[in-house]
Amino acid sequence: MEKARKTRHLVVDPRQPDVALIKEAGAILREGGLVAFPTETVYGLGANALDARAVTGIFEAKGRPADNPLIVHIDSLRTLGRYVYKVPPVVSRLASRFWPGPLTLVLRGGHVFHPVVTGGLDTVAVRVPAHPVALELIRAAGVPVAAPSANVSGRPSPTTAAHVLEDLSGKIALVLDGGPSGLGVESTVLDISGDCPVILRPGGTILRDLEEVLGPVEVDPAVNASAVDGGCPRSPGMKYAHYAPRATLILFDGHDQRRVVAAVLAEARRFAAGGHKVGIFTYSETASLYDGKGYSVIVAGQRSEPGTVAALLYESLRRFDCLDVDVILAEGMTPDGLGMAVMNRLRRASGGHVVTI
Ligand code: TXA
Ligand code: MG
């Protein structure tokens, strides 16, 4: 096995990225190295998308299943024409509203990319990230950048450089630290390769906004499934357990919040009586209901403001690891707006342990 190298950790000011430093990081990418970098969603682990060997390195560093394709990051819609045969008009409409931004488009073509990038599919996923460091890095590299989230496969995605180092220290050349990523959940993956646009993974661009541009948009049934329950989802990533903290997470899903809290409390008492250390994932509206009971409570934002929950979601799941709990009881939220992405990630983190109230 290759001897672990030290991962360099360089701080970059997103408002004024240091040109020399970004150039150096771009050269590392172009020459086949792996660089983690901030985006507006989560941190990405980048490699030159035109270099199959470099891209293979991503799969090795993350322990990612080989059939799970990567998103290719480019700096603008203009660049896209170099990599797909034909840019359909719908792409221009979507790009003018949502790029740069948290929207990944699954397009036909993309045969210039090695199957290691596309998972051997006849489509390719592309996005233009809305983060100055990411954009400058792609420009400095001068090549399209394949980048999954910069976590060990299956773990919560990283929203800080510290999370990246927790998972990948010694396995990658460099992490550019641009502070916390703002949104906290990944991009929405929208498949526009067929007749009707389909959301394969909900994320930072919400359904309502997409429908304003496109009219009705379908949501792939795998989005609301409780993880690995067989079948063949259109987005290969959806079939793997994901985003999971070390302890088992049980998701309590229901409209009536009082009943949800009552169910969580009953279950918490049962686990505590059995000698287990209980973690509770809740929101500011209901957090005080768990006071003084000895549980490890993490408040992941406000239920009524799904953006605050999205921003704290992965950080909260990682914090449970430090608290060393045996089980996490998580309250669900309404799957509206960014809540759809949050609920998708919680369901998948639960690996199918969902209690419907
Ligand atoms: O916000 C994001 O999208 C972040 C940042 C770093 O850009 N990236 C990210 O990548 O979340 P990753 O690899 O963790 O997730 C990519 C998802 C996977 O579910 C994968 O299966 C799906 O996109 N995907 C990629 N190419 C696809 C394709 N051709 N068809 C269907 N799904 C595809
Ligand atoms: Mg990921």
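Shown above is the structure to which this text applies.
Everything numeric in this text was worked out from a predicted model, so none of it was measured.

Enquirer: What am I meant to see in the pairing of strand E10 (residues 198-201) here?
Expert: Residues in a regular strand project their side chains so that they alternate between the two faces of the sheet. Across three bridges, the pairing between strand E9 (residues 188-191) and E10 is antiparallel. Note that in E10 the partner of aspartate 191 across the bridge is valine 198. Between E9 and E10, which pair antiparallel one after the other, the connecting turn spans six residues. Pairing of E10 with strand E11 (residues 218-219) involves two bridges; the strand directions are parallel. Counted as the bridge partner of isoleucine 199 is valine 219 from E11. Between E10 and its parallel partner E11, the chain crosses via helix H8 (residues 207-214), and the hand of that crossover is right-handed.

Enquirer: Explain helix H11 (residues 339-349) here, please?
Expert: Note that an α-helix has 3.6 residues per turn; residues three or four places apart therefore point the same way. Summarising burial for H11: eleven of the eleven residues are buried, a large majority. Of the residues making up H11, those classed as buried are Gly339, Met340, Ala341, Val342, Met343, Asn344, Arg345, Leu346, Arg347, Arg348 and Ala349. Positive backbone phi, approximately 55°, marks glycine 351, located one or two places after H11.

Enquirer: What is the right way to read empty space enclosed by the protein from this model?
Expert: The gaps left among the atoms become clear once a water-sized probe is rolled over them. Evaluated as defined, the whole model comprises one cavity of 30 Å³ or more. By volume, the largest cavity is sized at about 40 Å³. Taken together, Thr188, Ile199, Pro202, Gly203, Thr205, Ile206, Leu207, Gly337, Met340 and Ala341 make up the lining of the largest cavity. Classifying every residue of the lining of the largest cavity gives six nonpolar, four polar and no charged. Both domains that meet at the lining of the largest cavity, namely domain 1 (8-224) and domain 2 (248-356), each give it at least three residues.

Enquirer: Even after reading the chapter, I still don't get helix H10 (residues 306-323), so can you show me in this structure?
Expert: The first and last C-alpha atoms of H10 sit 24 Å apart over 18 residues, in line with the 26 Å expected at 1.5 Å per residue. The largest bend in H10 amounts to roughly 45° and is located at leucine 313. All of the buried residues in H10 are Val309, Ala310, Leu313, Tyr314, Ser316, Leu317, Arg318, Phe320 and Asp321. Contacts from the buried residues of H10 go to helix H7 (161-168), strand E12 (248-253), strand E13 (278-282), strand E14 (296-299), strand E15 (327-331) and H11.

Enquirer: Can you help me understand the packing of helix H4 (residues 89-98) against H8 in this one?
Expert: Each pair of packed helices can be summarised by the angle the axes make with each other and by the distance between the axes. At their nearest, the axes of H4 and H8 sit 10 Å apart, and the two run at 135° to each other. Considered as vectors, H4 and H8 are oriented oblique to each other. Both H4 and H8 take part in a crossing whose hand is right-handed. Across from Val90, Arg93, Leu94, Arg97 and Phe98 in H4, the residues of H8 making contact are Asp209, Leu210, Glu212, Val213 and Leu214. Of the residues contributing to the contact of H4 with H8, the split by class is six nonpolar, no polar and four charged.

Enquirer: Please explain the environment of serine 350 as it appears in this structure.
Expert: Along the chain, serine 350 falls in the loop between H11 and strand E16 (354-356). By relative accessible area, serine 350 is classed as buried at 2%. Distance in space between the C-alpha atoms of serine 350 and alanine 273 is 22 Å, their sequence separation being 77 residues. Residues contacting serine 350, with those up to four places away along its chain left out, are Leu249 and Leu251. In terms of polar contacts, serine 350 uses its side chain to reach the backbone carbonyl oxygen of arginine 347, at 2.6 Å.

Enquirer: I keep staring at the nonpolar core and nothing clicks. Help me out?
Expert: When a protein is soluble and globular, its nonpolar side chains tend to lie buried together. Membership of the largest hydrophobic core comes to 47 residues, with the highest contact counts inside it found for Leu45, Leu94, Leu105 and Leu190. When residues of this core are traced back to their parent elements, those giving at least two are strand E3 (44-48), helix H2 (52-62), H4, strand E5 (103-108), helix H5 (115-118), strand E6 (123-127), H7 and H8. By size, the runner-up hydrophobic cluster in this structure holds 27 residues, among which are Val42, Ala310, Phe320 and Val325.

Criteria and cut-off values
- Within each chain, residue numbers correspond to sequence positions counted from 1 in written order.
- Chain letters start at A and ligand numbers start at 1, both assigned in the order the entries are written.
- Residue-level local features of this predicted model are given only where pLDDT is at least 70; pairs of side-chain atoms are given and counted only at 80 or more, and the full residue set underlies all totals for whole chains, interfaces and linings.
- Computation of side-chain values covers all heavy atoms of the structure but excludes hydrogens and water.
- In this analysis, strands are considered paired if DSSP registers two or more bridges between them.
- The helix count covers DSSP runs of H or I at least four residues long, the strand count covers runs of E at least two residues long, and both are numbered beginning at the N terminus.
- Here a crossover is taken to be right-handed if, once the strands point away from the viewer, the path from the first strand over the helix to the second is traced clockwise.
- For the exposure calls, accessible area comes from a 1.4 Å probe over protein chains only, and a residue counts as buried if that area is under 20% of its type's maximum, exposed if over 50%, partly exposed in between.
- With a 1 Å grid laid over protein atoms only, a set of points is called a cavity when a 1.4 Å probe fits there but cannot get out and a pocket when it is open yet has protein on both sides within 12 Å along at least five of seven lines; lining residues have an atom within 4 Å of a point.
- Grid points are joined across faces, edges and corners, and a volume is the space filled by probe spheres set on the points.
- Classification convention: Asp, Glu, Lys, Arg as charged; Ala, Val, Leu, Ile, Met, Phe, Trp, Tyr, Cys, Pro as nonpolar; all other residues, Gly among them, as polar.
- Either an automatic procedure or a domain database provided the assignment from which the domain bounds are taken.
- Residue count minus one, scaled by 1.5 Å, sets the expected span of a helix.
- Here the bend at a residue means the angle between the axes of two seven-residue stretches, the one that ends at it and the one that starts at it.
- Whether two residues touch is decided by their heavy atoms; if any such pair falls within 4.5 Å, the residues are in contact.
- In this analysis an axis means a line fitted to C-alpha atoms, helices contributing only their contacting stretch, and an angle means the value between N-to-C directions, from 0 to 180 degrees.
- Our angle categories are set so that under 35 degrees counts as roughly parallel, over 145 as roughly antiparallel, 65 to 115 as roughly perpendicular, and the remainder as oblique.
- By definition, any crossing whose near helix is turned counterclockwise from its far helix by less than a right angle is left-handed, and any crossing with a clockwise turn is right-handed.
- In protein, a polar contact means a hydrogen-donor-capable atom and an acceptor-capable atom, both N or O and within 3.5 Å, with residues adjacent in sequence counting only if both atoms are side-chain atoms; elsewhere, any N or O pair within 3.5 Å suffices.
- The term nonpolar core refers to a set of buried residues drawn from Ala, Val, Leu, Ile, Met, Phe, Trp, Tyr and Cys, joined through side-chain atoms within 4.5 Å.

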